[in-house]
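An overview of the molecular structure
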Amino acid sequence: MSIVIENMTKSFGGTSVLRGIDLTVDSGELVALLGPSGSGKTTLLKIIAGLEWPNAGGLVVNGSDWLGLAAQDRRIGFVFQHYALFPHMSVRDNIAFGLTVRPRVERPGKAVIAARVDELLQFLQIAHLADRFPGQLSGGQRQRVALGRALAIEPTVLLLDEPFGALDAAVRRDLRAWLRRVHEETGSTTIFVTHDQEEAFELADRVVVMGDGRIEQIGDADQIHDHPATPFVARFMGATIELPVQMHSGRAEASGLDTSRLPRRALPDGPATLFLRPTEIVPVADPGGRWQVVRCASNGAVLRIELSDDAATVHVDLPRRAPEAQGLAVGTRANLRPEAGAIFSDRRAPVPVQSRQQEFPRKEKSL
Ligand SMILES: Nc1ncnc2c1ncn2[C@@H]1O[C@H](COP(=O)(O)OP(=O)(O)OP(=O)(O)O)[C@@H](O)[C@H]1O
């Protein structure tokens, strides 16, 4: 089932929550919506599910207009962060629920439902839990059951809203790999909401980065990490250092900065901002350097170095055994050599989302 969302807007009481979303999800694709809290991810998911309605825009699934369709007619499989299993029903009955409440004419016979549930219990590797009640399950087991219940109705589209959000890191990692396998075998079109970067990049075919009701970028991990489309994405991906530079013939220049390792950029001459992660900068000791080391702490593997000039402070993370780390004591003067980084002209108008999407072809991905 392909999903086409066109110029969708939504506001609550005058506050814009979705500001013109354009997104196409191909049949069988697993797409992650990634973004900070309040960026509109859940609202978009709820509109697809028919639990909210947009103010304007289109939602077309496999060629049909879904905005005219009630939630119950969309056959959506929905899994939330907080497993809404029925506590008084066994795992088997929870999974069967969506089939048993269908209108009589559409409801499969008891034997067919039992066979379908057995098949899912095996497939999801929870057959040994079939007769337990939700209160007797771990969080991870409950989420597997919740997914079983969502899959039982053979959903047209599977929507997952932070399904592993309440679980600890190790269980999340296991469930991620498991979900990817389940997705590949069912081939269902799936949209997954998370604010966990690692989860989004590991699971999804494509990641949609959302910020303040807009799509900031669509791509895979490498594209979004190495080529953030906007300052928002650069910051979201950990570029906590912002240094003013001047562009000259595609090169970034500033005093105390050796930018010789940065490739030329197609940016206009004039003021710009260089976005850097702490791991992307090497301080190079120089008695006439612009920066001075004011603090230096080791965690064994990495030196966290704080450098200051009159106006700014920069935190750099350098492998402790790197040659440049030797002799960087407090008081040492240095210049900074960025090894990578994103640059945005202070003059350039933002690139429209459509052309940002075209920049990055899709990439095949599996775990
Ligand atoms: N029913 C509602 N009434 C009023 N405001 C709402 C409603 N639902 C969501 N909002 C607001 O819309 C904005 C976007 O919320 P949404 O839940 O879509 O964000 P999100 O990206 O999923 O965030 P999170 O990661 O915290 O779940 C928030 O500011 C939220 O307070």
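Since the model is a prediction, treat every value here as computed from it, not as a measurement.

By the definition in use, this model includes two cavities of 30 Å³ or more. Computed from the structure, the largest cavity encloses a volume of approximately 50 Å³. Taken together, Val79, Gln143, Arg144, Leu147, Leu160, Pro163, Phe164, Trp178 and Leu179 make up the full set of residues lining the largest cavity. Elements with a minimum of two residues in the lining of the largest cavity: α4 (139-152) and α5 (169-186). Sorting elements by how many residues they give to the lining of the largest cavity places α4 first, with three residues. Class assignment for the residues of the lining of the largest cavity results in seven nonpolar, one polar and one charged. Space inside the second largest cavity adds up to approximately 40 Å³.

Contacts to the ligand come from Phe12, Val17, Pro36, Ser37, Gly38, Ser39, Gly40, Lys41, Thr42 and Thr43. Contact distances for the ligand include 3.0 Å between an oxygen atom and a backbone N or O atom of Gly40. Thr43 places a side-chain nitrogen or oxygen 2.5 Å from an oxygen atom of the ligand. Against a free-state accessible area of 640 Å², the protein chains account for coverage of 57% of the ligand.

With respect to the secondary-structure elements, Arg172 resides in helix α5. Classification of Arg172 as buried rests on a relative accessible area of 12%. Look past the residues within four positions of Arg172 in its chain and what remains in contact with it is Phe164, Gly165, Leu167, Thr194, Asp196 and Glu199.

With that settled, the discussion passes to the packing of aromatic side chains. Under the counting rule described, the total for this entry stands at five aromatic pairs. Summarising the aromatic geometry, the rings of Phe78 and Phe80 are spaced 4.3 Å apart at their centres and angled 10 degrees between planes, so their arrangement reads as stacked. Judged by relative accessible area, which is 36%, Phe80 ranks as partly exposed. Where Phe232 meets Phe236, the ring centres are 6.1 Å apart and the plane angle is 10 degrees; that geometry is what we call stacked. With Phe232 and Phe236 both in helix α8 (residues 231-236) and four residues apart, the pair spans about one turn of that helix.

Bringing the layout of surface pockets into the picture now. Taken as a whole, the largest pocket holds about 760 Å³ of empty space. Along the wall of the largest pocket there are 26 residues; nearest its centre are Arg75, Ile76, Gly77, Gly98 and Ile153. For the lining of the largest pocket, the elements supplying multiple residues, two or more each, are β6 (76-79), α2 (91-100) and α4. Residues that form the lining of the largest pocket fall into these classes: 16 nonpolar, five polar and five charged.

Read across the sheet, six strands follow the order β6-β7-β8-β3-β9-β10 without closing on themselves; strand pairing throughout is mixed. Bordering the open sheet on either side are β6 and β10 (214-219), each of which pairs with just one other strand. With strand direction ignored, the average angle separating the axes of adjacent strands in the sheet is 20 degrees. With five bridges connecting them, strand β7 (residues 157-161) and strand β8 (residues 189-194) associate as parallel partners. In the strand pairing of β8, Asp161 is matched with Val193. Of the strands in this sheet, β6 and β7 are in contact with α4, which crosses β6 at around 170 degrees.

Rules used in this analysis
- Residues numbered from 1 in each chain as written.
- Predicted model: local features only at pLDDT ≥ 70, side-chain atom pairs only at ≥ 80, totals over all residues.
- Heavy atoms only, no water.
- 1 Å grid on protein atoms, 1.4 Å probe; cavity = no way out; pocket = protein on both sides within 12 Å on 5 of 7 lines; lining within 4 Å.
- Points joined across faces, edges and corners; volume = space filled by probe spheres on them.
- Helix = DSSP H or I, 4+ residues; strand = E, 2+ residues; numbered from the N terminus.
- Nonpolar A, V, L, I, M, F, W, Y, C, P; charged D, E, K, R; others polar.
- Near = heavy atom within 4 Å.
- Polar contact = N/O pair within 3.5 Å; in protein donor to acceptor, adjacent residues only side chain to side chain.
- Areas by Shrake-Rupley, 256 points an atom, 1.4 Å probe, with all protein chains shown as cover.
- Buried < 20%, exposed > 50% of the residue type's maximum accessible area, 1.4 Å probe, protein only.
- Contact = heavy atoms within 4.5 Å.
- Phe/Tyr/Trp six-rings, centres within 6.5 Å; stacked < 30°, edge-to-face > 60°.
- Pairing = 2+ DSSP bridges.
- Axes fitted to C-alpha atoms, helices over the stretch in contact; angles between N-to-C directions.

Treat this as a map of the structure, not an account of what it does.
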